[in-house]
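A look at the structure
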Amino acid sequence: MLNLESIHTYYGESHILQGIHLHVEGGECVALLGPNGMGKTTTLRTIMGLTPPRAGRVRFKGQDITRHTPFQIARLGIGYVPEDRGLFVELTVVENLKVPFLNLKQRGQQKWGEIENRIYSLFPVLNERKRQMAGTLSGGEQQMLATARALISGEEMVLLDEPTEGLAPVVVQNLIGAFQKIKEQKHTMLLVEQNIHTAMEVADRCYILEKGRIKLEEPMKALSQRPDLLQQYLGVDMGESEGPEE
Amino acid sequence: MTFPTFIMQVLNGLTIAAIYILLASGLTIVFGLQGIVNCAHGLFYMLGAYLALTLVGKMGLTFWLALPAAFLVNFLLGAALEMMGIRRLVQWGRDFTHNLILTLGFALVGQEVVKMIWGAVAQLANVPPSLEGVMALGPVVYPKYWLFVIAFTVLVMAGLYLLFMRTGLGILVRSIALNSEVSQALGTNAPLINTLIFGLGTGVAGMAGVLAGPILSVDPNMAFELLIIIFVVIIFGGLGSLGGVVISGIIIGEVIAFGTALMTGMVAKILAFAVMIAILIIKPLGLFGRGAVLE
Amino acid sequence: METGGQTAWSGEKQRVAWVPLLTIGAILAFLPAIFQVTAFADYLTYIVVRMMILGLYAMSYDLLLGYTGIFSYGHATFIGCGAYAVAILMVRTGLHIQDALPGIMLALAVGLFMGWIMGFLCSRVGPVAVFLVSFAFTESIQLLVMSDPLRITNAEDGISGIPRETFLGFLNIKPEVHFYYFVLILLALSYLALFIITRRPIGDVFMAIRENPVRVRFLGYRIRHYRIAAFMISGFFAALAGALTALHEKAVAPEMLGWFLSGDAVLFVVLGGPGTLIGPFLGASIVVIFQEILSDFFKNWVVFLGISYIALIMFLPKGLFPLIDRIRSRHPRPEDAEAAEPRRG
């Protein structure tokens, strides 16, 4: 469904992504792993058109979207959860959810009520906090809201940037449950994660990104059985739980 | 000062405030949305006034048609400026001072074009026949037209409030103001909405010009003269805040009204400037502002 | 809305532009002689003096906008106050001073003082506010001059009859040609001073403030102080230009404090090329020439001013001088322009 070919992205003169190849098939959940600052967020931003690449191609369902503007890309059905969640803090929960919905109206025949139900069955907490300002939600609730928004605009595919970062383990489990449900609904996902355990519970396949290049591509199951690789690339000792970064 | 005179001054202040508020709202919304200062805003105000002069005065069109006509013309003109100039500069990643210079250039050209077409002599527009005369309000007798201006402004502001707070478009606009990038990543066509809102602001400015014609005279300098006061209003109220503009407009309108009555116009203006400078230094966010003025 | 410290006006870390510099210097030195053979010697000399004075004004503003990145719209304050200082001292105080020196010194002091005040006000606020504050400040000064509370400025009529006799007691600057060379020497000295300033560490700090103020602050510099310094230096030279204007025109008027003149400063710098010193000087010269030519033909030549603002900022944001420089040096577009700035990683 999604293909990145030889992507080179720069921030100013810094060569962040140095020839990325990656693909995501429909219904899959793919994880993008690797240490911080290596270009994982940049990859997602490149896909969304927020940081266009200097060279290379991004294809979505065969269509070249490399030079598309972000809102065009979103309207193709790709949802995005930014690293800092990017909530509209002075809008209510409902208003936050409405933003992607209002941009949808052109395409589908969906009613707001149906979408609301879908979202609230996945994240009941959001229903309770409907009319609250997004800035007053707890960390976990904010992450749910951000994910919910991306689900609404991302009917085809969702990009998630470090969704479990900075959250308490209980909340993380909660979120993982939600992600698994999303996966059951055959929703395609590309997940950037620092936390290997989250990735292992949700992803089918993964890439390891280091210093702007893809170093490894493996089915998730296979990787989880290779503690040597995990140690080498991710500095993970299996059996230890990684606390939240930062 | 007697009581009726006091009430009259208060009403005067409100009328002036009305014009300020109409003008300032367009400017502050655009700043909140795109972070740019439109120096040509006064131009649209001026165009509205001159358009009304010609349509009503020379061509005999009714005032009630001139008002929407002024809105439409200035909406289109403003949208054109935004699309062809401002949007490009933003796309090219230019410093915001470039937009300042661009709109300044536009304002200069516009001012001269107006002078060429309509001449440099100041003129006073006519009050529409249906609003001539005065109305009794308790102890005070006040021109009907001026009351109309106040009422009209209230209507427009109410309309804007409803637009931004109760409609889908309003939600999208507010989302762009809060985080344009993320909003676009959720499918919002921000460039289009930016253009529309810009046009809305300039259209309202045009209407303000039509309304102001019979009150403050119409002359080619009106664009810049008023603009500096409007800047004061916006900064005092807080950039990007409509509510702030209303309150700030009222306060400054009253200050100018009473100031002009009690001191000279020049001193009142200097006071206003001093106030603005002080605010910028002490409380740069104004009454209700949300940042973006500070580094 | 962020620019991240990247402006389109990255002044190239300069190679000294000897060729243009010497060419201009030579031309200016020999022009009066050339003018003698024409029928309009006096008029032409007058125009060129005006060009030089406005060129000085432009260079002073370049320090502020081109080098330090401060977009103030109040430069008219300095040139106007400098001019009024001379006028008031020599005409309105009844001291019957004939020599130009005290007037000029007073103007310079006023320029420094005004620069300090404006710098103080502007250094504490963000870029949008600087524009507004400087504009408001200039307007206020103009209003004050026009309302003339102390009865020294003669309100809207301005002050005329400024004498121009000697400088330092023995140099006769009364004839137009003598004054021409007087201005030329001052211009050269000012250019030298400004050029040296841009080459010293303080100049580097100015440019760093333009590119990335946050980082400069993190490095421990008191940005506020440097901004005030930029205003003071800039005001100093602009006031000098004002004093020279007063001596040249022999009269001053409140228009010299108008925002139009502030806008001129911006135009000169944007047209000529910010951060180059010579560029704005050329920009001023071009505009003066155009004004002279056009105002004879078009009553509304201001239209061209506005159009040039628009055209320049859209298509030539670095001004004309870098173009000329490129052609002259016959080198490919230097990458050191890009490499000189710190980039976000």
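It should be emphasised that the depicted structure is a prediction, and the values quoted were computed from it without experimental measurement. (Residues numbered from 1 in each chain as written. Chains lettered and ligands numbered in written order. Predicted model: local features only at pLDDT ≥ 70, side-chain atom pairs only at ≥ 80, totals over all residues.)

Describing the overall build of chain A
Scanning chain A from terminus to terminus reveals ten helices and ten strands. The C-alpha atoms of chain A give 17 Å as radius of gyration, which agrees with the globular expectation for 246 residues (18 Å, within 12%). Taking the principal axes of the C-alpha coordinates as reference, chain A spans close to 45 × 40 × 30 Å. Burial statistics for chain A: of 246 residues in total, 43% are counted as buried. (Helix = DSSP H or I, 4+ residues; strand = E, 2+ residues; numbered from the N terminus. Rg over C-alpha atoms; globule rule 2.2 N^0.38 Å. Buried ≥ 20, exposed ≤ 12 C-beta atoms within 10 Å, placed from the backbone.)

Considerations on the overall build of chain B
Tallying secondary structure elements over chain B gives ten helices and two strands in all. Each helix and strand of chain B, placed in order from N terminus to C terminus, yields the pattern α-α-α-α-β-β-α-α-α-α-α-α. Relative to the globule expectation of 19 Å for 295 residues, the C-alpha radius of gyration of chain B, 19 Å, shows essentially globular dimensions. Taking all 295 residues of chain B together, 55% fall into the buried category.

A few points about the sheet that holds strand 7 (residues 157-161) of chain A
Residues and elements named next belong to chain A. Taken in spatial order, the six strands make up an open sheet running 6-7-8-3-9-10, and their pairing is mixed. At either end of the open sheet lies a strand with only one pairing partner, and these are strand 6 (78-81) and strand 10 (213-219). Sheet twist, expressed as the average angle between the axes of neighbouring strands with direction ignored, equals 15°. Two elements, strand 3 (residues 29-33) and strand 9 (residues 205-210), share four bridges in a ladder whose sense is parallel. Within strand 9, the residue paired with Val30 across the bridge is Arg205. Its contacts with the sheet place helix 6 (residues 139-153) against strand 6 and strand 7, and it is angled at close to 165° to strand 6. (Pairing = 2+ DSSP bridges. Axes fitted to C-alpha atoms, helices over the stretch in contact; angles between N-to-C directions. Contact = placed C-beta atoms within 7 Å.)

Re the sheet that holds strand 2 (residues 14-24) of chain A
All names here are of chain A. Pairing is antiparallel across the open sheet formed by four strands, whose spatial order is 2-1-4-5. The open sheet has two free edges, formed respectively by strand 2 and strand 5 (63-64), since each of these has just one partner strand. With two bridges connecting them, strand 4 (residues 55-60) and strand 5 associate as antiparallel partners. Opposite Arg59, over in strand 5, you have Asp64 as the bridge partner. Along the sheet face, helix 1 (residues 40-48) touches strand 1 (2-11), strand 2 and strand 4 and points at about 70° away from the line of strand 2.

Regarding the packing of helix 2 (residues 41-58) of chain B against helix 3 (residues 63-91) of chain B
All names here are of chain B. For the pair helix 2 and helix 3, the least separation of the axes is 9 Å and the interaxial angle reads 140°. On the basis of their axis angle, the class for helix 2 and helix 3 is oblique. Relative to helix 3, the crossing made by helix 2 is right-handed. Seen from helix 2, the contacting residues are Phe44, Leu47, Gly48, Leu51, Ala52, Leu55 and Val56; seen from helix 3, they are Phe63, Ala66, Ala69, Ala70, Val73, Asn74, Leu77 and Gly78. Its residues assigned to classes, the contact of helix 2 with helix 3 comprises twelve nonpolar, three polar and no charged. (Parallel < 35°, antiparallel > 145°, perpendicular 65-115°, else oblique. Left-handed = near helix turned anticlockwise from the far one by under 90°. Nonpolar A, V, L, I, M, F, W, Y, C, P; charged D, E, K, R; others polar.)

What to know about the interface of chain B and chain C
Taken together, the contacts link 37 residues of chain B with 38 residues of chain C. Where the side of chain B that touches chain C is concerned, the elements lending two or more residues are helix 4 (96-118), helix 8 (222-237) and helix 10 (265-282) of chain B. A per-element tally of the side of chain B that touches chain C places helix 4 of chain B first, with 15 residues. The residue makeup of the side of chain B that touches chain C, split by class, is 25 nonpolar, six polar and six charged.

Focus: the pairing of strand 6 of chain A
Residues and elements named next belong to chain A. Every second residue of strand 6 is oriented toward a common face, with Ile78 and Tyr80 on one face and Gly79 and Val81 on the other, all of them buried. Across four bridges, the pairing between strand 6 and strand 7 is parallel. In the sheet register, Ile78 faces strand 7, and the bridge partner there is Met157.

Some details on helix 6 (residues 176-199) of chain C
All names here are of chain C. Helix length check: helix 6 (24 residues) gives 34 Å between terminal C-alpha atoms against 34 Å at 1.5 Å per residue, within 8%. Within helix 6, the full set of buried residues consists of Phe179, Tyr180, Phe182, Val183, Leu186, Leu187, Tyr191, Leu194 and Thr198. Looking at the buried positions of helix 6, the neighbouring elements they touch are helix 1 (18-36), helix 2 (41-67), strand 2 (166-167), helix 7 (201-211) and helix 9 (223-249). (Expected span 1.5 Å × (residues − 1).)

With respect to the confidence of the model for chain A
With 92% of its residues at a pLDDT of 70 or more, chain A shows a mean pLDDT of 84. In the predicted structure, residues 240-246 of chain A sits below a pLDDT of 50 and forms eleven contacts with residues beyond four places in sequence or in another chain. (pLDDT = per-residue confidence, 0-100.)

Considerations on the pairing of strand 2 (residues 140-143) of chain B
Residue and element names in this part refer to chain B. Direction of pairing for strand 1 (residues 134-137) relative to strand 2: antiparallel, over a ladder of four bridges. Residue pairing in the sheet places Val134 in a bridge with Pro143 of strand 2. Between strand 1 and strand 2, which follow one another and run antiparallel, lie two residues, and Gly138 among them has a positive phi close to 65°.

Brief notes about the packing of helix 4 (residues 100-122) of chain C against helix 9 of chain C
Residue and element names in this part refer to chain C. Orientation of helix 4 relative to helix 9, taken along the N-to-C sense of each, is 145°, at an axis distance of 7 Å. The hand of the helix 4/helix 9 crossing is right-handed. In the contact of helix 4 with helix 9, the residues fall into 20 nonpolar, seven polar and one charged.

A few points about the interface of chain A and chain B
Each partner contributes to the interface: chain A provides 22 residues, whereas chain B provides 17 residues. Sorting elements by how many residues they give to the side of chain A that touches chain B places helix 3 (residues 93-104) of chain A first, with seven residues. Counted by class, the side of chain A that touches chain B contains 14 nonpolar, three polar and five charged residues.

A word on the environment of C:Met232
Residues and elements named next belong to chain C. Its place among the elements puts Met232 in helix 9. Taking the C-beta count within 10 Å as the criterion, Met232 has 20 such neighbours and is therefore assigned buried. Residues Met232 and Met114, spaced 118 residues apart in sequence, show a C-alpha to C-alpha distance of 7.4 Å. Those residues in contact with Met232, other than ones at most four positions away along the chain, are Leu112, Gly115, Trp116 and Gly119.

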